[in-house]
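# Coordinate inspection notes
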Amino acid sequence: MTKKLNIALVGNPNSGKTTVFNNLTGTHQYVGNWPGVTVEKKEGTCRYQDYQINVADLPGVYSLTAYSLDEIIARDFIVEEKPDVVVDIVDAGNLERNLYLTIQLLEMGARLIVALNMMDEAGGRGYHIDLEHLSYHLGSPVVPMVASRNRGTQELLGQIAKMAESRVRPSGLRIDYGREVEQEIRKLDDLISQSALSRLYPARWLAVKLLEEDEEITKKFKEGNVD
Amino acid sequence: MKALMPLGMARPDEMVSVVVIKAGFGLKKRLADMGLSPGVSLRVIHSQMRGPVIIDLRGSRLALGRGMAQRILVQEA
Amino acid sequence: MLTNEEILRVKDRALAHLRSIYGDDAETIIADRRYGFISGVLKDVVKKPAIERLAWSDKIDRVIVNRWLGIPIFLAVMYGMFQFTFTLSAPLMDWISAGFDFIAARAVGISPDWLGSLIGNGIIGGVGTVLTFVPPIFLLFIAIAVLEDSGYMARAAFVMDRLMHKIGLHGRSFIPMILGFGCNIPAIMATRTIENRRDRLITILINPLMSCGARLPIYILLAGAFFPAYRGLVVFSMYLIGIILAILMALIFRKWLLPGPIGHFVMELPPYRLPTITGVLVHMWERGKHFLIKAGTIIAGVVILVWLLSSMPWGVQYAGPDSWIGYLGRLIAPIFGPCGFGQWQAAVSLFFGLLAKETVVGTMGAIFAVKEGGLGVAIASQLGWTPLIAFSFMVFSLLYVPCVATIATIKAETNSWKWPAFTVGYELVLAWIMATLIYQIGRLLGLG
């Protein structure tokens, strides 16, 4: 009996996300549109052991703010569709920038695997990355890959299966925003936990988003909508 | 529409174009006077994530403080 | 939904609260902390090799503007600039000074006596003193012109911006501050690069607190006489006190006098160029010429006035206790009582210091009729000064008023008499308070 899994691929543009998607889905992919918008939506399927995995390729984004449609689409998908696993494709040669998205995903409470791609280029530039420590700091598994040569794909699938089996809920990354900001977050958090929205998103994440004056989230509070 | 990022995140040697500037009127005008306004393309020369950003705008160099770099949203050209 | 409204209200209050504390949007702070977290992680996790290859000018920029190297490089450049200026100018100054002394000596012999005295003691003595400062000032301008034309100054302002921001000043305020150590006049003129009117004004107002070169003779004389073993330390402490008070006043002014946000930092970085000799000299003259004209006219006027006061009533000993300026000195002297130097000689010297701070020492020399070498001893014995009093006097002369030429420059640069008057006012008050505090507290502590 096959088990079904839904996963989403996310990451910066130019991080090799498309290549990973192709490696996973091969010819089993099709292109459509995200509902109501003209943004391309790529989906595909892949088999691993006794899993049938649906892969959604989310638009390439640098961050999860509400400024661009791409970001809103990516964010909404993760929150509403609740994929079993989110794979963040990270360019190993550009960690500083790529990790900005990663930590936002982690703060959101996504069940995340970090796919550290382009390891060959990073190595070529003389970088040396301690994967274990990185995984420890992020609180999420890290899989090294060279997607252009289809290396790491099996390991990635293995980690995906492992995470799907595990019943552990991710605790969500907590970044210390400084005493003043944390005080305000706490106040908002307490109130938000009583609101309907906190059933959908982590309360702390909502609090931070409000302080960031995130348009989408602020609008949701103004409208009092739960969906 | 391509992904947006703050100017501070752009990579050195990357060509980007300005999409929106989150600032008050006075500041926007001042930046516009220096050639920095929505639609304009520029190349990042130097960027230290949390530090200053130096850009190449139509051949001239501009240095921007970190706060400024956060407020200018760009996309890959 | 009621809770949602409440949440939004709390959010608005939170944003306002955070904005007032940090002076920035919460969004910026949050992004900043995220980057900080990432930095921390990467420091632990990634080992990068040395700097990668770049175009040469970009490479230079990366180093000069670099977070860790930028400031040391800047300090080294500043040090080099001062060395250049003051080492080269020293012999020139002596030469000019001797020249004026010579001419003055001849001029005094002109008859009638009063004309000889006016020209010799007054004009040539007074104006000559100021003109001896042409070498260091012009050399400083040359150095600045070189740094500016080469494109380095822009990077320096950029490097300093972060630091200056912390004390409520602007990156561009740093250079005028440094220049103030040489002479406050070109320093104040250099504030023209600061666009924001508030930032510029504050920088101008605190600039005289940066101990200019003219005050150095005072320190050297008194430190040498009263603190022979700690000479260097005492002189250095003067500079330090000036800097600390400048920072303090900057914070005070920004809070109460001219509140408002600090201007954003956006600056054009000119490309690196090799400065041309013509270009440098032209820039030097542009600035230096102002100094000569403005300083010259006002000083000449004041000099004549001072000469008049020192020579009247007729036949009296020049700048002696019975001359009008002596009377003036004895009138003012009590004010300095709490500071420890309530003697007319000190009062008169400080009064002349209004012209140009170097004349404080020169005046004392004239009064005690000794050359600078024996002046320390003369002051100690005849005025009964202790090291504490000497220190108090030094602090007073550091702070009390900018010289006339500087006042004139402030007037010119701010286009009003209000600000120079304010500067004179606050500095007098500040100087008196500091000197009194030092003397009185020192007395209480039994330091003499």
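Right above here is the structure, for reference.
Here is a short report on the structure shown in this document. (Residues numbered from 1 in each chain as written. Chains lettered and ligands numbered in written order. Predicted model: local features only at pLDDT ≥ 70, side-chain atom pairs only at ≥ 80, totals over all residues.)

### Structural notes on the overall build of chain A
When helices and strands are tallied, chain A shows nine helices and eight strands. Across the 227 residues that make up chain A, the buried fraction comes to 47%. Of the contacts made within chain A by residues no fewer than 6 positions apart, 66% connect residues no fewer than 24 positions apart. (Helix = DSSP H or I, 4+ residues; strand = E, 2+ residues; numbered from the N terminus. Buried ≥ 20, exposed ≤ 12 C-beta atoms within 10 Å, placed from the backbone. Contact = placed C-beta atoms within 7 Å.)

### So, the nonpolar core
With 201 residues, the main nonpolar core has Ala115 of chain A together with Leu222 and Met394 of chain C as its most contacted residues. Top element by residues in this core is helix α6 (residues 134-150) of chain C. It accounts for eleven residues. Setting aside chain neighbours within four positions, we find Met394 of chain C in contact with Ile218, Tyr219, Leu222 and Met238 of chain C. (Core = buried A, V, L, I, M, F, W, Y, C linked by C-beta atoms within 7 Å.)

### Section: the sheet that holds strand β5 (residues 85-91) of chain A
Residue and element names in this part refer to chain A. Strand order in the open sheet made by the seven strands is β2-β3-β4-β1-β5-β6-β8, with mixed pairing throughout. Looking along the sheet, the strands with just one partner apiece sit at the ends: β2 (29-33) and β8 (142-144). In this sheet, adjacent strand axes meet at a mean angle of 25° when their direction is disregarded. Note: strand β6 (residues 112-117) against β8, three bridges, orientation parallel. Paired with Leu116 across the two strands is Pro144, which belongs to β8. Relative to strand β3 (residues 40-48), helix α1 (residues 17-25) is tilted by about 40°, and along the sheet it contacts β1 (3-11), β2, β3, β4 (51-57), β5 and β6. (Pairing = 2+ DSSP bridges. Axes fitted to C-alpha atoms, helices over the stretch in contact; angles between N-to-C directions.)

### Re the interface of chain C and chain A
Of the residues lining the interface, 29 residues belong to chain C; the matching set on chain A comes to 33 residues. The set of elements that each furnish at least two residues to the side of chain C that touches chain A consists of α1 (2-22), α2 (26-45) and β1 (46-47) of chain C. For the side of chain C that touches chain A, the per-class residue count stands at 18 nonpolar, three polar and eight charged. (Nonpolar A, V, L, I, M, F, W, Y, C, P; charged D, E, K, R; others polar.)

### Examining the pairing of β1 of chain A
Residue and element names in this part refer to chain A. Bridge analysis of β1 against β4 gives seven bridges, and the strand direction is parallel. By the bridge assignment, Ile7 is partnered in β4 with Val55. Pairing analysis gives five bridges linking β1 to β5, with the strands arranged parallel. When the bridges of β5 are listed, Leu9 appears paired with Val87.

### Here we look at helix α9 (residues 215-223) of chain A
Of all the residues in α9 of chain A, the buried ones are Ile217, Lys220 and Phe221 of chain A. Across the axial projection of α9 of chain A, the buried residues extend over an arc of 95°, all falling on one side. Opposite the packed face of α9 of chain A, turned more than 90 degrees from it, sit the exposed residues Lys219, Lys222 and Glu223 of chain A. Structurally, α9 of chain A contributes buried residues whose contacts are with α8 (203-211) of chain A together with α1 of chain C. (Arc of directions from axis to C-beta.)

### Details of unusual backbone geometry
Positive phi is not limited to glycine here, since Met118 of chain A has a value of about 60°. Considering the arrangement of structural elements, one finds Met118 of chain A in the loop between β6 and α4 (119-124). Positive phi outside glycine occurs at Asp13 of chain B, with the angle close to 75°. Its location among the elements puts Asp13 of chain B in the loop between β1 (5-6) and β2 (15-21). On the basis of neighbour count, Asp13 of chain B is assigned to the partly exposed category, with 13 C-beta atoms found within 10 Å.

### Focus on the packing of helix α11 (residues 216-226) of chain C against helix α12 (residues 231-257) of chain C
All names here are of chain C. Direction vectors running N to C along α11 and α12 enclose 140°, while the axes themselves pass 9 Å from each other. One element, α11, and the other, α12, form an angle in the oblique class. Considering the relative orientation of α11 and α12, their crossing is right-handed. Each of Tyr219, Ile220, Ala223 and Gly224 in α11 lies in contact with α12, whose residues at this interface are Arg231, Val234, Val235 and Met238. (Parallel < 35°, antiparallel > 145°, perpendicular 65-115°, else oblique. Left-handed = near helix turned anticlockwise from the far one by under 90°.)

### Examining the packing of helix α14 (residues 324-332) of chain C against helix α15 (residues 344-352) of chain C
Residue and element names in this part refer to chain C. Remark: α14 packs on α15, axes separated minimally by 8 Å, with the N-to-C direction vectors making an angle of 110°. Relative to α15, the element α14 is oriented roughly perpendicular. Each of Ile325, Gly326, Leu328, Gly329, Arg330 and Ile332 in α14 lies in contact with α15, whose residues at this interface are Trp344, Ala347, Val348 and Phe351. When its residues are assigned to classes, the contact of α14 with α15 shows seven nonpolar, two polar and one charged.

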